[in-house]
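Chain by chain, the residues run as shown.
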Amino acid sequence: MITLKIHHTTTYRFNEQVSLLPHRLMLRPRESRDLRLISSAITVTPDAVLSWAHDVFGNAVATATFRTMASTLVITSVAELELGGEPWPVFDIAVSAMSYPFRYSNDEWTDLGALTVTQAADPAGYLRAWARQFVRSDPTDTLSLLKDLCAGVSQAIGYQSRETEGTQSPVETLNRGWGSCRDFAVLFAEAARILGFGARIVSGYLYNPNQQGVGSAGAGSTHAWAEVFIPGAGWITFDPTNRSLGGFNLIPVAVVRDIRQATPVSGSFVGMTNAFAGIAVEVLVTS
C-alpha cells in the first residue's frame, strides 16, 4: 500500500460580481478493495452549503449552494488515501468468458444495460470496421482481444493535452489521429461496446511519480480511462493512453456511461455576457 495526498483546486474568475448558481462537484475518490480513503475535504470560497448524494452509478456528488455574490470562485479538494493495486494483476475470468465471443448471463446483460450500447454516431460504420479488425480469429482469447484493442487505440492516435472542454467523438479522434486521455478512453469504450462488451468510462487521477506515463505533466494529474466487465473477473481496468492493464496507479473518482457525466466541477452563474474572465485548474498528487 502507498499513501497519497491529492490537492485539486479549481478557480473561476469574473470581471464583476456575479450570482453563483448551484455547482455540482465530483471530487471524492471512490473507495474499493484497492483504495482506502483516509480523509476527504472540500472547501469553497465564497462560503457555500454542501449537500451530498450518490448518483445512479454510486459516485459521491456534492452540490454547493451559494448565498452571496462573488468575483472569484475557488473550489479546493484535499484527499488522503491508501492505494494498493497490483502492478501485474491476474484475472480469474470465468471459463464461459475466456474465449470471445461469449454470452453474458441474462442478469448480467440486463444489469449492464446501457453500458453495452454505443453512445456516439457511426453512420458509415467506420468505427465498427476499425474495432472488428482486432478480432483475429473466431473464437479468440477474450483478454488478448481487449489488450490488442487497448494497444491499438494508442497506436492509432497520438496523445495531445487539451484544456478546452468537451470530448471528441470516436470517429473524430480516428480521423484526426490525436486526442487527450478522455478521447482515448471514449474510443476504447465505444469500440469495446461495438464488440459486445459492457464498458464504462472512469474519471479520476493518475499517479505518475517517475513521469514516465502519458497524460501527466508532473507526479500526477486528472486522468480518464475505461473498464470492461468480464464474468468472473468483474470490472477490468484499461488505460489506453498508457497501454496499461489494471489500475495500480489510478485513483478513480467517478464511473459513468458517458464522459459528459464525469465533469469534476460544473455549474453556472448569472451576470453580464462578458462577466466570465477565465478558469484555472491545479492538481498535485504526492506520496
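Up top is the structure.
The structure presented is a predicted model; accordingly, all values stated were derived computationally and were not measured.

Q: In this structure, what is going on with the side chain of Glu-190? I would like to understand it.
A: Among the secondary structure elements, Glu-190 is positioned in helix α5 (residues 181-194). At a separation of 2.9 Å, a polar atom in the side chain of Glu-190 contacts the side chain of Arg-193.

Q: Even after reading the chapter, I still don't get the sheet that holds strand β2 (residues 23-25), so can you show me in this structure?
A: Two pairing modes exist for strands in a sheet, parallel and antiparallel, and in both the strands are linked by backbone hydrogen bonds. Across the sheet, 4 strands lie side by side as β4-β5-β2-β16; this open sheet has antiparallel pairing. Where the open sheet ends on each side, the last strands, each with one partner, are β4 (48-54) and β16 (265-266). Two elements, β2 and strand β5 (residues 60-66), share 3 bridges in a ladder whose sense is antiparallel. Bridging from a neighbouring strand, Arg-24 pairs with Thr-63 of β5.

Q: I would appreciate a short explanation of the layout of surface pockets in the present structure.
A: The probe, sized like a water molecule, is rolled over the atoms to show the empty space still left. Within this model, the second largest pocket holds a volume of roughly 760 Å³. Listed by contribution, the elements that provide at least two residues to the lining of the second largest pocket are β12 (220-230), β13 (234-239) and β15 (250-256). Counting residues per element, the lining of the second largest pocket draws most heavily on β15, which supplies 3 residues. Considering only residue class, the lining of the second largest pocket consists of 14 nonpolar, 8 polar and 8 charged.

Q: Just checking my understanding: could you explain the sheet that holds β15 for this structure?
A: One open sheet holds the 5 strands; their spatial order is β14-β13-β12-β11-β15, and the pairing between them is antiparallel. Two strands lie at the open edges of the sheet, namely β14 (244-245) and β15, each paired on one side alone. In this structure, β12 lies alongside β13, joined through 5 bridges in antiparallel fashion. In the strand pairing of β13, Val-228 is matched with Ile-236. Together, β12, β13 and β14 form the strand contacts of helix α3 (residues 142-156), whose direction differs from that of β13 by roughly 30°. α5 contacts β11 (198-207), β12 and β13 of the sheet and is inclined by roughly 5° relative to β12.

Q: What's the story with the pairing of β12 in this structure? I'm lost.
A: Counted residue by residue, β12 has 10 buried out of 11 residues, so it is predominantly covered. Relative to β12, β11 runs antiparallel, the two being bridged by 10 bridges. Bridged to Ala-199 within β12 is Val-228.

Q: I would appreciate a short explanation of the environment of Asp-92 in the present structure.
A: Mapped onto the elements, Asp-92 comes out in the loop between β6 (69-83) and β7 (99-100). In this structure, the C-alpha to C-alpha distance between Asp-92 and Pro-231, residues 139 residues apart in sequence, is 8.8 Å. Apart from residues lying up to four places away in sequence, Asp-92 is in contact with Pro-231, Gly-232 and Ala-233.

Q: When you look at the pattern of salt bridges in this model, what are you seeing that I'm missing?
A: If the charged atoms of two oppositely charged side chains come close together, the side chains can form a pair. Tallied over the full model, the rule gives 8 salt bridges. Measuring nitrogen to oxygen at the nearest pair gives 3.1 Å for the salt bridge that ties Asp-258 to Arg-260. Given the relative accessible area of 9%, Asp-258 is considered buried. Accessibility expressed as a relative area gives 68% for Arg-260, which makes it exposed.

Rules behind the numbers
- Per chain, residues are indexed from 1 in the order of the written sequence.
- Where local features are concerned, this predicted model is filtered to residues with pLDDT of at least 70; where side-chain atom pairs are given and counted, the filter is 80 or more; whole-chain, interface and lining totals use all residues.
- As a convention, hydrogens and water are excluded, and side-chain values are obtained from all of the structure's heavy atoms.
- Secondary structure counts use DSSP, requiring at least four H or I residues in a row for a helix and at least two E residues in a row for a strand, with both numbered from the N terminus.
- Under the rule applied, a polar contact is a pair of N or O atoms within 3.5 Å (in protein, one hydrogen donor and one hydrogen acceptor; residues adjacent in sequence only if both atoms are side-chain atoms).
- When DSSP locates at least two bridges between a pair of strands, those strands are taken to pair.
- Cavities and pockets are found on a 1 Å grid laid over the protein atoms alone: a cavity is a set of points where a 1.4 Å probe fits but cannot escape, a pocket is an open set with protein on both sides within 12 Å along at least five of seven lines, and a lining residue has an atom within 4 Å of such a point.
- Grid points are joined across faces, edges and corners, and a volume is the space filled by probe spheres set on the points.
- Three classes are used: nonpolar for Ala, Val, Leu, Ile, Met, Phe, Trp, Tyr, Cys and Pro, charged for Asp, Glu, Lys and Arg, and polar for all others, with Gly counted as polar.
- Throughout, a residue-residue contact means that at least one pair of heavy atoms, one from each residue, lies within 4.5 Å.
- Lines fitted to C-alpha atoms define the axes, with helix axes restricted to the stretch in contact, and inter-axis angles between N-to-C directions lie between 0 and 180 degrees.
- Accessible area is worked out with a 1.4 Å probe on protein chains only. A residue is then buried under 20% of its type maximum, exposed over 50%, and partly exposed in between.
- For this document, the term salt bridge refers to a Lys or Arg side-chain nitrogen within 4 Å of an Asp or Glu carboxyl oxygen.

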